[in-house]
Amino acid sequence: MSIDHRLSGEHEELRATVAEFARDVVAPKIGQFYEQEEFPYEIVREMGRMGLFGLPFPEEYGGMGGDYLALGLALEELARVDSSVAITLEAGVSLGAMPVFRFGTEEQKRTWLPKLCSGEMLGAFGLTEPDCGSDAGGTRTTARRDEATGEWVINGTKCFITNSGTDITGLVTVTAVTGRSPEGRPRISSIIVPSGTPGFTVSKKYSKVGWNASDTRELSFIDCRVPAENLLGEEGRGYAQFLRILDEGRIAISALATGLAQGCVDESLRYAKEREAFGRSIGANQAIQFKIADMEMRAHTARLAWRDAASRLVHGEPFKKEAALAKLYSSEIAVTNAREATQIHGGYGFMNEYPVARMWRDSKILEIGEGTSEVQRMLIARELGMEA
Ligand SMILES: Cc1cc2nc3c(=O)[nH]c(=O)nc-3n(C[C@H](O)[C@H](O)[C@H](O)COP(=O)(O)OP(=O)(O)OC[C@H]3O[C@@H](n4cnc5c(N)ncnc54)[C@H](O)[C@@H]3O)c2cc1C
């Protein structure tokens, strides 16, 4: 038995490369995209060229042959500077490409993965609907088989779907009810819908509190027909599939939340040294030092939590509880760190031109997306053997 907190040489190199990219390329430009609520195509293209969208996928499908730890490291370093680009990567990999990789046929993988891995194309995952989010088993979207043509005919609405309406979005995997079990329970399946399919409409962007340089849309499907072979995995396995996808995705969101929490430390340290009040830097006050020490403690602990869950996933061990713990803890401390960092910045912290204002706005969604904090607590309690 051995224990080692250090990253491998390759992982450390990746982490350092992404940190440099975030500092030199993302940081100088992202504020403007955020303010104008524009999708940062040029930054995303560059992330594609670096191979970030292919990080955890095998080279035979155009990936980098890395693992989930590598993805987490990249997400943490990006989110340390900006969460919009980080969530674009997270959703592109965990929600867009991963379902195709995990559950797709060889042909589906060869059709979609090379473009998704290169970042030329973004994929999305449409689970949430206007009337059901946490209770995603309550999906109302339907897909019926046209007996004459074999096609799936999809009807329904999905909401809050990340990466679903950019100029480079190529597919959305949607969950839909494809039948009923003998006891009357809905059979949910996942189906790939290519962008531009007739009957599939993408509405205009939402006006959001945060993640303003990322793409989030409502989608509607009216008699939208896709070929029989667009079914992803077995019919009726959609519920199990998205549970697996969300378990993994929670590790990624946790890494992203850790990055935001650490970014709050970076910005607060810088500001506490610069800003003077009562004739000395505000950082000379123990009250400020203690705030920053606590912020660092929380970011460090969150990092240990997501890396532990990622390590279990990479080694093929059970990771459901650890992923939920990591997601719950890191998202809640990201909100706390963002609040404290804003406080340290005083009135300037309320001004959008300061990165901490963006971090404050971007932090709240972390307690909601890919399973709310309440849902994480339900999962943890269930894993502890408590009655559902
Ligand atoms: C910016 C953004 C991007 C998103 N991207 C995607 C995406 O790409 N794909 C996708 O499918 N979805 C996406 N979502 C949707 C997101 O995953 C859902 O919003 C989230 O799962 C919560 O669902 P809901 O909004 O329907 O809230 P609800 O499920 O209606 O929950 C409302 C509140 O009730 C609480 N609650 C519900 N049930 C219980 C219970 N049993 N016990 C205690 N409390 C409970 C919840 O925790 C929450 O606080 C995104 C959302 C946002 C805002």
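As recorded by an unreviewed UniProt entry, the protein chain carries the name Butyryl-CoA dehydrogenase and is attributed to Actinacidiphila rubida. Here the protein chain is described in UniProt, under the heading Cofactor (unreviewed entry), as follows: "FAD". Listed under Sequence similarities (unreviewed entry) in UniProt, the entry text for the protein chain is "Belongs to the acyl-CoA dehydrogenase family."

A. Geometry of the overall build of the protein chain. On a plain count of helices and strands, the protein chain comes out with 10 helices and 10 strands. Against the compact-globule benchmark of 21 Å for 388 residues, the protein chain has a radius of gyration of 21 Å, which places it among compact chains. Expressed as lengths along the three principal axes of its C-alpha atoms, the size of the protein chain is roughly 80 × 50 × 40 Å. Scored against the burial criterion, the 388 residues of the protein chain give a buried share of 53%. The contacts in the protein chain between residues at least 6 apart in sequence include a share of 73% that link residues at least 24 apart. For the protein chain, the computed accessible surface area is about 17,700 Å², with 52% contributed by carbon and sulfur atoms. Side chains of the protein chain give 44 positive and 55 negative charges; the mean places of these two sets differ by 3 Å.

B. Spatial organisation of the UniProt feature "domain: Acyl-CoA oxidase/dehydrogenase middle" (unreviewed entry) in the protein chain. In this numbering, the UniProt entry assigns the feature "domain: Acyl-CoA oxidase/dehydrogenase middle" (unreviewed entry) to residues 124-224. Annotated as 0% helix and 50% strand, the span residues 124-224 places its first and last C-alpha atoms 17 Å apart.

C. Structural view of the side chain of S254. Position of S254 among the secondary structure elements: in helix α6 (residues 238-274). By relative accessible area, S254 is classed as buried at 0%. Setting aside its immediate chain neighbours within four residues, S254 contacts A302, W306, A326, K327 and S330.

D. Fine view of the environment of G104. Assignment of secondary structure puts G104 in the loop between α4 (83-103) and α5 (106-118). We classify G104 as buried; its relative accessible area is 14%. Along the chain, G104 and L384 lie 280 residues apart, while their C-alpha atoms are 32 Å from each other.

E. Structural view of the layout of surface pockets. The volume enclosed by the largest pocket comes to roughly 1,200 Å³. Along its surface, the largest pocket is lined by 44 residues, and T128, I368, G369, E370 and G371 are the ones closest to its centre. Elements with a minimum of two residues in the lining of the largest pocket: α4, β3 (152-162), α6 and α10 (373-383). Per-element accounting of the lining of the largest pocket gives the leading share, 7 residues, to α6.

F. Main features of empty space enclosed by the protein. Counting across every chain of the model gives 1 cavity of 30 Å³ or more. One number sums up the size of the largest cavity: a volume of about 50 Å³. Looking at the largest cavity, the residues that line it are E37, K205, Y206, S207, K208, N212 and S214.

G. Here's a closer look at the domain arrangement of the protein chain. For the protein chain, the assigned domains read domain 1 (9-122), domain 2 (124-236) and domain 3 (240-383). Relative to domain 3, the C-alpha centre of domain 1 lies at a distance of 20 Å. Taking both partners together, domain 1 and domain 3 bury about 2,300 Å²; carbon and sulfur atoms supply 63% of that area. Looking at the side of domain 1 facing domain 3, the largest losses of area belong to Y68, E76 and R80, adding up to 29% of the total buried there. Across the domain 1-domain 3 interface, the total number found is 4 salt bridges. Here D266 and R80 are joined by a salt bridge, their closest N and O atoms 2.7 Å apart. Inspection of the domain 1/domain 3 interface yields 8 residue pairs in polar contact (both at pLDDT 80 or more). Within the residue set of the side of domain 1 that touches domain 3, elements represented by two or more residues are α1 (9-35), α3 (68-79) and α4. Here the side of domain 1 that touches domain 3 gets 10 residues from one element, more than from any other, and that element is α4.

H. A look at the environment of A124. With respect to the helices and strands, A124 occurs in strand β1 (residues 122-126). Remark: the alpha-carbon pair of A124 and V174, spanning 50 residues in sequence, is separated by 8.6 Å. Setting aside anything within four residues of it in sequence, one finds A124 in contact with L95, G96, I161, T162, N163, S164, L171, V172 and T173.

I. Summary view of helix α2 (residues 41-49). The complete set of buried residues in α2 reads I43, V44, M47 and G48. Relative to the axis of α2, the buried residues are bounded by an arc of 145 degrees and lie together on one face. Where the residues of α2 are buried, they touch α1, α3, α4 and α5. Following α2 by one or two positions, G51 adopts a phi angle in the positive range, close to 90 degrees.

Conventions adopted
Residues numbered from 1 in each chain as written. Predicted model: local features only at pLDDT ≥ 70, side-chain atom pairs only at ≥ 80, totals over all residues. Heavy atoms only, no water. UniProt positions renumbered as here; feature names shortened; annotations may be inferred. Helix = DSSP H or I, 4+ residues; strand = E, 2+ residues; numbered from the N terminus. Rg over C-alpha atoms; globule rule 2.2 N^0.38 Å. Buried < 20%, exposed > 50% of the residue type's maximum accessible area, 1.4 Å probe, protein only. Contact = heavy atoms within 4.5 Å. Areas by Shrake-Rupley, 256 points an atom, 1.4 Å probe, with all protein chains shown as cover. Lys, Arg positive; Asp, Glu negative; His and termini not counted. Charge placed at Lys NZ, Arg CZ, Asp CG, Glu CD. 1 Å grid on protein atoms, 1.4 Å probe; cavity = no way out; pocket = protein on both sides within 12 Å on 5 of 7 lines; lining within 4 Å. Points joined across faces, edges and corners; volume = space filled by probe spheres on them. Domains from an automatic or database assignment. Buried area = accessible area lost by both parts, 1.4 Å probe. Salt bridge = Lys/Arg side-chain N within 4 Å of Asp/Glu carboxyl O. Polar contact = N/O pair within 3.5 Å; in protein donor to acceptor, adjacent residues only side chain to side chain. Arc of directions from axis to C-beta.

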